[in-house]
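Residues per chain, in single letters:
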Amino acid sequence: MDRTSLLKTWLPGLALVLLAFVSTPAQARSEPLYFALEVRRDGRLIAQPKLLGEAGRTLRAERRRPGALVPDYRLVLTPRGEGNSFQLELDLSLPEGQGHSQLALLHGQERKFQLGRVPGELEVSLLLMKVDSPEFRALMQLTDEAPGTVQSVSSSM
C-alpha cells in the first residue's frame, strides 16, 4: 500500500474525529463549577451549602446531624453546559417534603425560585460560577480575607 492510498483511507476518518472535537463547545465538556445555594423555608434560612462540581456530572449533598436517621436535607444537582449557558436540574428533599426545578443559568448569574406549593414556603437562591474565572477568583479572595485586613494598597499622585 503506497502513501497516497493510505492517506485516502485514513484522512476522512481523521477529519471526522477532528471536526467532532472542534465543533463540541467548551461548555459541553466537563468544566469545574461553583454553586452557592441558600434554602429558606417560610423565610427562615435552613441550608446554605457551597459546592464544587462539574458540568455533565451529578452532584449530591446531604446534611445529617450526628446520630440522626433522617437528613436535614438532601440535594441533587445536575448541570449540563449548553452553549454559553448551563441547564440545571435541582432536586431538594426535606423531612417535610421535596421539590424539583429545571432552570438555565449563565456564568455568574444568581436566580431565586420557589419549590414549595405556595410562594415563600420553600425558596431557593442559586449562584453558578465557572471555577476558572476572574469572578470566581475575586469571590474566593473576598471570603478568604479576615475582616478589616487590607492585602495591598496603591495610589498615584
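Keep in mind it's a predicted model, so treat the numbers as computed, not measured.

1. Considerations on the nonpolar core
Soluble, globular proteins show a tendency: their nonpolar side chains are buried together. Ranked by size, the top nonpolar core spans 26 residues in total, and within it Phe35, Leu37, Leu90, Leu92 and Leu126 carry the most contacts. Of all the secondary-structure elements, those providing two or more residues to this core are strand 1 (32-41), strand 2 (44-47), strand 4 (59-63), strand 5 (73-82), strand 6 (85-94), strand 7 (97-106) and strand 9 (122-130). Sorting elements by how many residues they give to this core places strand 6 first, with five residues. Excluding anything up to four places from it in sequence, Leu92 contacts Val39, Tyr73, Arg74, Leu75, Gly97, Gln98, Gly99, Leu115, Leu122 and Val124. Residues Tyr34, Leu127, Met129 and Phe136 belong to the second largest nonpolar core, which totals five residues.

2. Remarks on the sheet that holds strand 7
In space, the four strands of this open sheet follow the order 4-5-6-7, with antiparallel pairing throughout. With one partner strand each, in any of the chains shown, strand 4 and strand 7 form the two edges of the open sheet. Ignoring strand direction, the axes of neighbouring strands in this sheet form an average angle of 15°. Judged from the five bridges that link them, strand 4 and strand 5 form a sheet pairing that is antiparallel. Each bridged residue has a counterpart across the sheet, and for Leu59 the counterpart in strand 5 is Leu77.

3. Quick notes on the pairing of strand 1
Two elements, strand 1 and strand 3 (residues 50-54), share five bridges in a ladder whose sense is antiparallel. For Phe35, the partnering residue across the bridge sits in strand 3 and is Leu51. Summarising the sheet, strand 1 and strand 9 pair through nine bridges and their orientation is antiparallel. Paired with Phe35 across the bridge in strand 9 is Leu128. Between strand 1 and strand 2, which pair antiparallel in sequence order, lie two residues; one of them, Asp42, sits at a positive phi of approximately 50°.

Parameters and conventions
Residues numbered from 1 in each chain as written. Predicted model: local features only at pLDDT ≥ 70, side-chain atom pairs only at ≥ 80, totals over all residues. Heavy atoms only, no water. Core = buried A, V, L, I, M, F, W, Y, C linked by side-chain atoms within 4.5 Å. Buried < 20%, exposed > 50% of the residue type's maximum accessible area, 1.4 Å probe, protein only. Helix = DSSP H or I, 4+ residues; strand = E, 2+ residues; numbered from the N terminus. Contact = heavy atoms within 4.5 Å. Pairing = 2+ DSSP bridges. Axes fitted to C-alpha atoms, helices over the stretch in contact; angles between N-to-C directions.

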